[in-house]
Amino acid sequence: MDEAQLAQVESLCETLYTGQPSGNGEKITREEAQSRLLSLQSSASFIPQCQYILDRSQSQYALLVASNSLTELITTHWNNFTIAQRIDIRNYVLGYLANNGPKVQDFVTLSLIKLVCRITKLGWFDDKTHRELTEDVTKFLQATVDHCILGLKILNQLVDELNIPTSGRTLTQHRKTSVSFRDLCLFKVFQLGLTTLKQLQTGAISTSDHRQEVVLGEQALGLTVRCLNFDFIGTNPDESTEDVGTIQAPTNWRPVLQDPGTIELLLDFYANTEPPRSNKAMEGVILICSVRRSLFPSDKEREAFLGRVMTGIRELLKNQTGLQHQDNYHQFCRLLGRLKANYQLSELVKTEGYLEWLELAANFTTQSMRNWQYSTNSIHYLLALWGRLVAAVPYVRPETGAKGHVQALENHVRQVVECYIESMMGSVETVLRSEGALEDPLEDDGSLMEQMDRLPTIARFQYSSVATILVSKFDPLLKKYQELMGHLVSSSTESAPQDVQQQVAILEGQLTWLTYICGSIVGGHSWSSSRIGNGEETLDASLSKRVLQLAQGMDYRLTSSNGVGKADAKLEVAMLYYFQNFRRVYMFMWEQSSSSGGTISTMGTMKLESVPSTKQKIYQSMFEHMGLGDHTVVANLIVTKIGKNLKFWPDEHDIVAKTLNLLTDMAGGYSSSKLLLTLDTVKYLASHHTHEEFPFLNVPSNARHRTTFHAILVRLLLSPGGTDKLGLSFDQFMEPIVETMSQLGSLDSTQLRSEAARMPLIGVFRDLRGITMSLHNRRTFGMLFDIMEPRHLPLLPKVADLWYDQPDVMISLLRFMHEFCHNKANRVNFDQSSPNGILLFRATSDVVCAFGRKILATAAPASGDIYKLRYKGMSIALSVLNSALGGNYVCFGVFALYNDPALDNALDVSLKMALSIPLDHVIAYPKLSKSVFGFIEILFKNHIKTTMALDTSVFMQLMNAVHEGLQSSDAQISSMCANSIDHLATFFFENQGKDKPEVHNLNKHLAAQPNLFSSLTATLFNLLLFGAPQNHWAVMRPMLSLMLASESSFTAYRDHLMSTQDSANQGKLSESFAKLLADVNRSLESANRDRFTQKLTAFRVSTRSFLTL
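What counts and what doesn't
Residues numbered from 1 in each chain as written. Predicted model: local features only at pLDDT ≥ 70, side-chain atom pairs only at ≥ 80, totals over all residues. Heavy atoms only, no water. Phe/Tyr/Trp six-rings, centres within 6.5 Å; stacked < 30°, edge-to-face > 60°. Helix = DSSP H or I, 4+ residues; strand = E, 2+ residues; numbered from the N terminus. Buried < 20%, exposed > 50% of the residue type's maximum accessible area, 1.4 Å probe, protein only. Lys NZ or Arg CZ within 6 Å of the ring centre and 35° of its normal. Contact = heavy atoms within 4.5 Å. Axes fitted to C-alpha atoms, helices over the stretch in contact; angles between N-to-C directions. Parallel < 35°, antiparallel > 145°, perpendicular 65-115°, else oblique. Left-handed = near helix turned anticlockwise from the far one by under 90°. Salt bridge = Lys/Arg side-chain N within 4 Å of Asp/Glu carboxyl O. 1 Å grid on protein atoms, 1.4 Å probe; cavity = no way out; pocket = protein on both sides within 12 Å on 5 of 7 lines; lining within 4 Å. Points joined across faces, edges and corners; volume = space filled by probe spheres on them. Nonpolar A, V, L, I, M, F, W, Y, C, P; charged D, E, K, R; others polar. Disulfide = S-S within 2.5 Å. Patch = residues over 30% accessible without salt bridge, like charges linked within 9 Å, V, L, I, M, F, W, Y side chains within 5 Å. Areas by Shrake-Rupley, 256 points an atom, 1.4 Å probe, with all protein chains shown as cover. Lys, Arg positive; Asp, Glu negative; His and termini not counted. Charge placed at Lys NZ, Arg CZ, Asp CG, Glu CD. Arc of directions from axis to C-beta. Expected span 1.5 Å × (residues − 1). pLDDT = per-residue confidence, 0-100.

A.B. asks: Explain the packing of aromatic side chains to me, and be specific about the residues and the numbers.
C.D. replies: For any two aromatic rings, the description comes down to two numbers: the centre-to-centre distance and the angle of the planes. Inspection of every chain in the model, using the stated rule, returns 39 aromatic pairs. Ring geometry for Phe-781 and Phe-830: centres 6.4 Å apart, planes at 55°, overall tilted. Note that Phe-781 is positioned in helix α38 (residues 778-788) and Phe-830 in the loop between α40 (807-820) and α41 (836-856), a separation of 49 residues in sequence. The burial state of Phe-781 is the same as that of Phe-830; both residues are buried. Residues Tyr-867 and Tyr-925 carry aromatic rings whose centres are separated by 5.0 Å and whose planes lie at 25° to one another, so their mutual orientation is stacked. One end of the pair, Tyr-867, is in helix α42 (residues 866-885); the other, Tyr-925, is in the loop between α45 (919-924) and α46 (926-942), and 58 residues separate them in sequence. Three or more aromatic residues joined by ring pairs make a cluster, and in this case those are Trp-124, Phe-181, Phe-187, Phe-190, Phe-230, Phe-232 and Trp-253. The cationic tip of Lys-566 hangs over the ring face of Trp-649; the distance from NZ or CZ to the ring centre is 4.9 Å. Directly above the aromatic system of Trp-803 lies the positively charged group of Arg-753, at a separation of 4.5 Å from the ring centroid.

A.B. asks: Residue-level account of the side chain of Asn-882, with values.
C.D. replies: Looking at where Asn-882 falls in the secondary structure, it is placed in helix α42. The buried category is assigned to Asn-882, whose relative accessible area is 13%. Those residues in contact with Asn-882, other than ones at most four positions away along the chain, are Ser-931, Gly-934, Phe-935 and Ile-938.

A.B. asks: Could you give me a rundown of the packing of helix α54 (residues 1047-1059) against helix α55 (residues 1063-1077), with the residues and numbers involved?
C.D. replies: Remark: α54 packs on α55, axes separated minimally by 9 Å, with the N-to-C direction vectors making an angle of 155°. Relative to α55, the element α54 lies roughly antiparallel. Where α54 crosses over α55, the handedness of that crossing is right-handed. Residue-level inspection shows Phe-1050, Arg-1054, Leu-1057, Met-1058 and Ser-1059 of α54 in contact with α55, the latter providing Gln-1066, Leu-1069, Ser-1070, Phe-1073 and Leu-1077.

A.B. asks: Any details on the pattern of salt bridges? Residues and values, ideally.
C.D. replies: Enumeration over the complete set of coordinates arrives at 43 salt bridges. A single network of salt bridges, built from pairs that share partners, joins Arg-314, Glu-315, Lys-318 and Glu-356.

A.B. asks: So what about empty space enclosed by the protein? Which residues, and what values?
C.D. replies: Take a probe with the size of a water molecule and roll it over the atoms, and the empty space left behind shows itself. The final tally for this structure, using the stated rule, is 5 cavities of 30 Å³ or more. Its boundaries defined by the atoms lining it, the largest cavity holds a volume of some 60 Å³. Forming the walls of the largest cavity are Tyr-804, Asp-805, Gln-806, Pro-807, Met-810, Ile-811, Phe-851, Ile-855, Lys-868, Leu-869, Arg-870 and Gly-873. Counting residues per element, the ones that place at least two in the lining of the largest cavity are α40, α41 and α42. When residues of the lining of the largest cavity are assigned to their parent elements, the largest contribution, 4 residues, is made by α42. Across the lining of the largest cavity, the residue classes break down as 7 nonpolar, 2 polar and 3 charged. The wall of the second largest cavity is formed by Ile-263, Leu-267, Val-285, Cys-289, Val-309, Gly-312, Ile-313, Leu-316 and Leu-335. The greatest single-element share of the lining of the second largest cavity, amounting to 4 residues, is contributed by helix α15 (residues 299-319). Classifying every residue of the lining of the second largest cavity by side-chain character gives 8 nonpolar, 1 polar and no charged.

A.B. asks: Describe the state of the cysteines, and please don't skip the residues or the numbers.
C.D. replies: Applying the stated criterion to the full structure yields 0 disulfides. A disulfide-free cysteine, Cys-333 has its sulfur positioned 13 Å from the sulfur of Cys-419, the nearest such atom. For Cys-333, a relative accessible area of 0% corresponds to the buried category.

A.B. asks: Hey, could you go over a negative patch on the surface for me, with residue numbers and the actual values?
C.D. replies: Residues Asp-731, Glu-735, Glu-739 and Asp-786 make up a contiguous surface patch of negative charge. Residue position: Glu-739 is located in helix α35 (residues 730-745).

A.B. asks: If you had to explain helix α32 (residues 680-687) to someone new, which residues and values would you point to?
C.D. replies: Those residues of α32 lying buried are Thr-681, Val-682, Leu-685 and Ala-686. Around the axis of α32, the buried residues are gathered within 135° of arc, so they sit on the same side. Residues of α32 that are buried make contact with α29 (631-648), α31 (670-677), α33 (703-717), α34 (722-726) and α35.

A.B. asks: Just give me the short version of the layout of surface pockets, but keep the residues and values in it.
C.D. replies: Within this model, the largest pocket holds a volume of roughly 1,100 Å³. In terms of lining residues, the largest pocket is bounded by 40 residues, among which Thr-75, Trp-78, Asn-79, Arg-169 and Arg-1104 are the most central. Those elements that place two or more of their residues in the lining of the largest pocket are α4 (60-76), α5 (83-100), α6 (106-122), α10 (171-202), α51 (1012-1026) and α55. Examining the composition of the lining of the largest pocket, we find that 4 residues originate from one element, α10, more than from any other. Grouping the constituent residues of the lining of the largest pocket by class yields 13 nonpolar, 17 polar and 10 charged.

A.B. asks: Pulling in residues and values, what's your account of unusual backbone geometry?
C.D. replies: Comment: phi is negative for the bulk of residues other than glycine, and the bulk of peptide bonds are trans. The residue after Pro-275, namely Pro-276, is reached through a cis peptide bond having omega 5°. Positive phi, close to 55°, is recorded for Asn-826, a residue that is not glycine. Its location among the elements puts Asn-826 in the loop between α40 and α41. Non-glycine residue Asp-1079 carries a positive phi angle of around 60°. In this fold, Asp-1079 is placed in the loop between α55 and α56 (1086-1104).

A.B. asks: Let's hear about the side chain of Asp-555: which residues, and what values?
C.D. replies: Mapped onto the elements of the fold, Asp-555 is located in helix α25 (residues 536-560). Every residue in contact with Asp-555, bar those within four places of it in the chain, is listed here: Thr-640, Lys-641 and Lys-644.

A.B. asks: Could you give an account of the packing of helix α21 (residues 405-434) against helix α23 (residues 463-488), with specific residues and numbers?
C.D. replies: The contact between α21 and α23 brings their axes to 9 Å, and the two run at 20°. As summarised for this structure, α21 and α23 are arranged roughly parallel, according to the angle between their axes. The two elements α21 and α23 cross, and the hand of that crossing is right-handed. Counted together, Arg-414, Val-417, Glu-418, Ile-421, Glu-422 and Met-425 of α21 and Ser-465, Val-466, Ile-469, Leu-470, Lys-473 and Leu-477 of α23 form the full contact between these two elements.

A.B. asks: Outline helix α20 (residues 379-392), supporting the account with residue identities and numerical values.
C.D. replies: In a regular helix each residue adds 1.5 Å, so 14 residues correspond to 20 Å; α20 covers 20 Å between its end C-alpha atoms and thus fits that length. Of all the 14 residues making up α20, 12 are buried; the element is thus mostly covered by neighbouring parts of the structure. Each element contacted by the buried residues of α20 is listed here: α16 (326-342), α17 (345-348), α18 (354-370), α19 (372-375), α21 and α22 (445-459).

A.B. asks: Can you explain the confidence of the model for the protein? Please cite residues and give values.
C.D. replies: Looking at the protein as a whole, its pLDDT mean stands at 88, while 95% of the residues score no less than 70. Contacts of residues 593-611 to residues separated by more than four positions or lying in other chains number 11 contacts, the stretch itself having pLDDT below 50.

Structure representation (structure tokens):
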């Protein structure tokens, strides 16, 4: 490289990162600049050019590109370098950092540091020089402050690099290096981090400005936290979770972790710095508090350690140190939540000042709840702490530890729960008066559900007093709400005066919170033997009664005002949450309690009879105390509410979705579904499932919910005894849909394509799809097929022909067809003498052909979402045909025998559709690629005769697609393509030399493209040796059949690979190939295939260790 080329690279880098045109006047886009610069990463021969850029360039962007390219080249071509060359590159980069590190931009420094750490990781076992990086970095720490910062950055990156697996390396290699680093260096790195913190604390490091001190602190704290977070024992912890597991620190770390100075140092940093340093210090404290129990030699040391932590927390709570910062506050809540997770309550109560700690924690919790607007995301950690404390009480003897600790906990828990209820109810008015300035905690669904999950354990600890608090809040609100509703009667809330509107909004918001809280607590009821019989069901009944009375009031207002008098949507959602929890806890016995007493014992042996009878008594006691009637009355009330929601909330997507989820869960339970069949409301739903009765069915955005609604109703109808209990046959249920289809079928083409037909068409196909989803056996599928054939199936291709360009109609039709011809649970299974399988395939073929021909004759849209407008329909059409071709209910040989063109037409149109989509688009859309490559696999598996009869240009287009798909990062796609190659190679191997038209056709294709097998062989072996691990199993499958089909291709690849290696590697490679081919027969029997696959795995592992690219 010379100065002119350097200037050109700098100019391209400037364009890439700033978007500015290059200095030489040449107009280049960012994409072009990127593709030119990526050539620096294409070959190991570019390493000198990258070094030249680093040495000579003044452009920071050029330095970054050179550094990134070096990292990529060294990772990819690692085996190309000798050990000495690797050390030279490492020393060069370290020297560059030492000389130029403080002068260049941070992003360049970080990239170079990543390069050094990558070399260290890859070369860890090559030479001890790599393992001495920490010693080399110590020199940085002893130089200037800027060098010290640089050294800490290197150590931070080193710990990350050795802790996180690198793509392209096996997990075994990673763990081997990681464990060696843990044993040799990690503790020293941890000590360096702590030493730097101590020097900062004592002022031993003199910094020229405050910024340097801040950066040093951040880097040293980050290093300490990284070391403690290291994956010590190879558990690969989930990065996405915030909750810390147990820290498995090695035994030799004990003196430092046990040393009181370590925690004091971190707590001192927390107290005397600002975020992000302070919250990083608190994270360090959380991690040290999470070290494994066995690290301490005896309970005495562990107790002393816990005592120090508790003292530190007490001091922070007393002084409220740093808690005004939200980040600190969040981490401190995590610390409190973590404390009980790692220590047993019996240990906590023995510590000095436990009662004071408990009181301070309770005060802190209540204060946090009162200031909920600053702590919404942290409250669940505090609730988790109290939940864990409460859950552990039964396992602690009352005489252990401080006197009266159980009573103290009871008082504090009552105080915490009461404060939580009051704060959340108080938040409603605060949010309302802020006029949008504050976020409503009811709208933060994630945080709300976290809190509701934690609440039952705490509330049930002092359930009678908590229930009393809730009832005392609920009753006056319910009374006031009923009075207000009495005044509003049948008018909507919006039409009331402003002050009344505000009153209603506050009342409904507070009732929403109470409904959520009651739902959460009732859902926490435990049927375990230890909790049964303590009268909790009467308290559940007391809360449930009030929520159900509220539901009845809301329903009455809705019905009497014909849907005008609606409550707040959030209150409706809360009611559904309550019903879900009530259903889960109190619906599993409904069928038992409604039958005679003897049925319970039939569930199993008589041994368990006493437990169900106790449960039955509790269950009956619950409904008696509720005072609203028996379980059927309550069930009817819930289902009536479901019906009202579907009737009067058509435009509220969330309410409709959650209502149908509740109905789905009720219909899915064994006993609850039996109960549903006895209810009048369900009978009404089943006999009036039209949009006239339920307007939500006619809202376009609810199209998916139509499918769910009909799937639920048909599941109930077809369950044992369903038709008798509902007083409705399947044919009667289908009448409204059949009538709509008859009306649509009688229309001429112009009327059928008119806008008036759009919604009926979408609706009928969505409904039919839902119905088909609930048909799980031959009998029920046959019932629907008899309705559709022959009267209504001809409508489907007609619709496809007329509405091909309207995605909403076509997607509905094609999704129904996909479900209708899908042979799940072998339901599409007709009698031997029945032509129905062929008729079903004909109908499928007609739909796919009608849609395919029209869409192929239409040009692709120039603007808009091409996937939605064109590819989505094509994708589902191919999936429809894939289901029909692979359904195993049609003998496809019959079509050619009787000159029926249905199969040939379907294959022809589908192939044209698949090949009309540019290959890069196919790869870009995952669902589309699965449909296309699934279709190609079926072609090669079941229709090889048709495939071989294609023109050579079309056949090669298919093979090119397979070749590209094989290299996909999606394992499912590469597997489909590998299977296609396997079917082709197996066919060629087994039929070589036979006088068959398809063999002659294949030979003709191979004559036109003689390197087909050799290119596939090369790609498969390259993927095996150098590709991503997720594809290995897929690519191994066709290798044996391909080698047997074309031995010359395998020999050519082996010779080519040998020629790229030096003489030492050639010997090793020759030996590996010999082992691969030993004991492999010239057959494709499964035992031989499996043996060869195992050998390929061993071949890959052995060759990757020495191969150079």
